[in-house]
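Chain and residue survey
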Amino acid sequence: MDLTNIIRPEHTFIGVSAPTKWRALQTIADKAAKAFSVDGQTILKALEAREKLGSTGIGNGIAIPHAAIDGMTSPRGLLIRFAQPLDFEAIDDIPTDIAFVLLFGENNRGEYLNVLSAIARRLQTDGALAAMRKARTVDEFYSDFIADSRV
């Protein structure tokens, strides 16, 4: 799967400040609203509802907040590195410093699972996560994530 169709360079951010997971979700919703021309409150409510079902912090400093959003026709995402790691209530209790945000329409649930699988495969690539954490610019951060993921 070509992740460049889902997460684009202009939807990549580093140094995002948020004191808590819930404030992070608010910041994410604001950024997604601007990026995808969708109402920010709709996104925030969907992300919060999903998070209340169980943390999207998957461990190793990674979170994948995700939600179905009315009106979205294809999965879209944001890639975020927080200025300071924050407690996302991950199962391993490691604070989250990188978030992959996925938004999709109700009719795209199957495709959304494919995107999750592609992200998981990419993160298992030797050195990908370490390189992303060392990246000094948004361009480096995005390139370190997207490298070799177009297959």
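Up top you'll find the structure we're talking about.
Below: a short report on this structure. (Residues numbered from 1 in each chain as written. Predicted model: local features only at pLDDT ≥ 70, side-chain atom pairs only at ≥ 80, totals over all residues. Heavy atoms only, no water.)

**Points about the environment of Thr-42**
Checked against the element boundaries, Thr-42 lands in helix α2 (residues 40–53). A relative accessible area of 36% means that Thr-42 is categorised as partly exposed. Separated by 27 residues in the primary sequence, Thr-42 and Ile-69 have C-alpha atoms spaced 7.4 Å apart. (Helix = DSSP H or I, 4+ residues; strand = E, 2+ residues; numbered from the N terminus. Buried < 20%, exposed > 50% of the residue type's maximum accessible area, 1.4 Å probe, protein only.)

**Digging into helix α3 (residues 109–123)**
The terminal C-alpha atoms of α3 lie 21 Å apart, and with 15 residues this matches the ideal 21 Å at 1.5 Å per residue to within 8%. Listing the buried residues of α3 in full gives Tyr-112, Val-115, Ala-118, Ile-119, Arg-122 and Leu-123. Projection of α3 onto a plane perpendicular to its axis shows the buried side chains occupying an angular sector of 130°, all on one side. Considering only its buried residues, α3 is in contact with β3 (62–63), β4 (66–68), β6 (96–104), α4 (128–134) and α5 (138–146). (Expected span 1.5 Å × (residues − 1). Arc of directions from axis to C-beta. Contact = heavy atoms within 4.5 Å.)

**Examining the nonpolar core**
Ranked by internal contacts, the top residues of the largest apolar core, which has 26 residues, are Ile-43, Ile-69, Ile-80 and Leu-103. Counting residues per element, the ones that place at least two in this core are α1 (21–36), α2, β5 (76–86) and β6. The dominant element in this core, judged by the number of residues it contributes, is α1, at seven residues. With residues near it in sequence (within four places) discarded, Ile-80 still touches Phe-13, Val-16, Ile-28, Asp-97, Ile-98, Ala-99, Val-101 and Phe-141. Core analysis: the second largest hydrophobic core is formed by 22 residues, Ile-6, Phe-104, Leu-129 and Tyr-142 among them. (Core = buried A, V, L, I, M, F, W, Y, C linked by side-chain atoms within 4.5 Å.)

**So, the packing of aromatic side chains**
Each aromatic ring pair is characterised by the separation of its centres together with the angle its planes make. Applying the stated criterion across every chain, the model contains one aromatic pair. Ring geometry for Phe-100 and Phe-145: centres 5.1 Å apart, planes at 50°, overall tilted. In this pair, Phe-100 sits in strand β6 while Phe-145 sits in helix α5, placing the two residues 45 residues apart along the sequence. On the basis of relative accessibility, which here comes to 0%, the residue Phe-100 falls in the buried class. Taking NZ or CZ as reference, Lys-31 lies 4.3 Å from the ring centre of Phe-13, over its face. A cation over an aromatic ring shows up here: Arg-81 above the ring of Phe-141, its NZ or CZ 5.3 Å from the ring centre. (Phe/Tyr/Trp six-rings, centres within 6.5 Å; stacked < 30°, edge-to-face > 60°. Lys NZ or Arg CZ within 6 Å of the ring centre and 35° of its normal.)

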